[in-house]
Amino acid sequence: MWLRKLLLIAAMTLFKVSSGYFLDKEIHGLMRHHRKDLTEHRGSHHNSLTSGHLGQFLTKNNSRVISQRGGLAILPCSVSLTTPATISWFRRKDFQLLTVGLLTYSSDDRFQVEHTRHQGNWALRIKSARKEDEGYYECQISTHPPQSIFVELRIVEAVAEIIEAPDLHINEGSTLRLECKLKRATESPLYVFWYHDSRMVNYDYDDGVLVSSNRQKSSILTVRNATIRHEGNYTCAPANAKQSSVYVHVLKGEKPAAMQHPTKSANDANMNPLDRFLTVYLCVFLFPIVKYVVFY
């Protein structure tokens, strides 16, 4: 009787040990699969920051946008959504949330979303771009796990350049032509003002001044039959670029026109003290003596 009880106890103990072994093995297997799935999910999100295209994004990852300071920067993000999701924009350098859907969450109202529904476009617009706006921006889809791409923004300084600068010499009566080109400009300026010294001359038609544009890439100032009054400093000042200047010298023959006709007063002013003394001495002392010898 006692032997049968002992065998029953041994059998129950063996069953518990074997059940625990297989149960632990199953649990470990589930945990291993869970860790694998989690790693794959994290890997898929990581890959979204480094691959060319991912999943539902139509915009290439790590795209680069170059915009000029003070201009409009547009960061692209086009997606093809198969299920409802929300598009958000982040600034990566400080992890600032900028937009969610069509709403702007930043206190800086220069940031807005440009949405075109049928094209899946969720571009980020930055008005009056500044140098401190440079860096990476993240466009994120609220899938599980989230998918993201990066867009890099670079800000450049547009400058004007007058081809004839810094000095231009022309003959009196010839045509004065100044061409002002924009360098590193990403958009056309709203206007380009020309100044002769401190006077804006864009509309000085009566003085022979004509200002025209060349396909918005340059501005040209022309003066036919230039005279001495057209001599001086000319400045090209675009609305969105650093200005440039040139000094125009008007020549008559081989010398500037302003130097062609010196006045008597100018000659007298340039006379040295010795010449002035001799002139006075001849007029005051020698002239009466010569007059006396000749007439008496």
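Residues numbered from 1 in each chain as written. Predicted model: local features only at pLDDT ≥ 70, side-chain atom pairs only at ≥ 80, totals over all residues. Heavy atoms only, no water.

**What about the overall build of the protein chain?**
In plain terms, the rule: Only DSSP runs of H or I covering at least 4 residues are called helices, and only runs of E covering at least 2 are called strands; the numbering of each starts at the N terminus. Only protein chains enter the calculation, and the probe is 1.4 Å; a residue is then buried if its accessible area is under 20% of its type maximum, exposed if over 50%, and partly exposed in between. Only heavy atoms matter for contacts: two residues are in contact if any of them lie within 4.5 Å across the pair. The Shrake-Rupley method, run with a 1.4 Å probe sphere, supplies the accessible areas, and residue values consider only the shown protein chains as cover.
Looking only at helices and strands, one finds 3 helices and 19 strands in the protein chain. Across the 296 residues that make up the protein chain, the buried fraction comes to 32%. In the protein chain, the proportion of contacts linking residues at least 24 apart, taken out of those at least 6 apart, comes to 57%. Of the roughly 20000 Å² of accessible surface on the protein chain, 58% is carried by carbon and sulfur atoms.

**Observations concerning the sheet that holds strand β6 (residues 111–116)**
For clarity, the threshold we go by: Pairing between strands is defined by DSSP: at least two bridges between them are needed. Angles here are taken between N-to-C directions and fall from 0 to 180 degrees, while the axes themselves are lines fitted to C-alpha atoms, restricted in helices to the stretch in contact.
If you walk across this open sheet you meet the 3 strands as β2-β7-β6, and the pairing is antiparallel. Each edge of the open sheet carries a strand with a single partner, namely β2 (73–75) and β6. Between one strand axis and the next, the sheet turns through 30° on average, direction left out of account. The pairing of β2 with strand β7 (residues 121–126) spans 3 bridges and is classified as antiparallel. In the sheet register, Ala73 faces β7, and the bridge partner there is Ile126.

**Overview of the state of the cysteines**
A covalent bond between the sulfur atoms of two cysteines is what we call a disulfide. Defined as follows: Our working definition of a disulfide is a cysteine sulfur pair at a distance within 2.5 Å.
Evaluated as defined, the whole model comprises 2 disulfides. Disulfide partner of Cys180: Cys236, at an S-S distance of 2.0 Å. Sign of the S-S torsion, about -80° for the bond between Cys180 and Cys236, identifies this disulfide as left-handed. Of this pair, Cys180 sits in strand β12 (residues 176–183) while Cys236 sits in strand β17 (residues 232–238); the two residues are 56 residues apart in sequence, bridging distant segments of the chain. As far as burial versus exposure is concerned, Cys180 and Cys236 are alike and both buried.

**Concerning the sheet that holds β12**
Sheets are built from strands that pair by backbone hydrogen bonding, the pairs being arranged parallel or antiparallel. With antiparallel pairing, the 4 strands of this open sheet are ordered in space as β10-β12-β16-β15. Edge positions in the open sheet fall to β10 (159–162) and β15 (209–213), since each of these has one partner strand only. The average angle at which neighbouring strand axes cross in this sheet is 20°, direction not considered. Across 5 bridges, the pairing between β15 and strand β16 (residues 218–223) is antiparallel. If you follow Val209 over to β16, its bridge partner there is Val223.

**Details of the pattern of salt bridges**
Which entries qualify depends on this criterion: Any Lys or Arg side-chain nitrogen located within 4 Å of an Asp or Glu carboxyl oxygen qualifies as a salt bridge.
Per the counting criterion, the structure on display carries 12 salt bridges. As a salt-bridge pair, Arg92 and Glu138 come within 2.7 Å of each other at their nearest N and O atoms. Here Arg92 is found in the loop between β3 (87–91) and β4 (96–100), whereas its partner Glu138 is found in strand β8 (residues 135–141), with 46 residues between them in sequence. For Arg92, a relative accessible area of 27% corresponds to the partly exposed category. Between Asp108 and Arg110 there is a salt bridge; the shortest N-O distance is 3.0 Å. Among the charged side chains, a network of salt bridges with common partners joins Arg64, Glu152 and Arg154.

**Section: the confidence of the model for the protein chain**
The condition that has to hold: Here pLDDT means the predictor's own confidence in every residue, given as a number from 0 to 100.
In the predicted model, the protein chain carries a mean pLDDT of 78, and 66% of its residues have values of at least 70. Scored below 50 in pLDDT, residues 13–53 makes 24 contacts in the model with residues more than four places away or belonging to other chains. The low-confidence segment residues 290–296 (pLDDT under 50) makes 0 contacts with residues lying over four places distant or belonging to another chain.

**Some points on the environment of Ser244**
Our working definition: Any pair of nitrogen or oxygen atoms within 3.5 Å is treated as a polar contact; in protein, a donor-acceptor pairing is required on top of that, and neighbouring residues in sequence qualify only through side-chain atoms on both sides.
Along the chain, Ser244 falls in strand β18 (residues 244–252). Here Ser244 falls in the buried class, since its relative accessible area comes to 13%. Taking C-alpha positions, Ser244 is 8.1 Å from Cys180, a pair spaced 64 residues apart along the chain. A polar contact is formed between the side chain of Ser244 and the backbone nitrogen of Ile162, at a distance of 3.5 Å.

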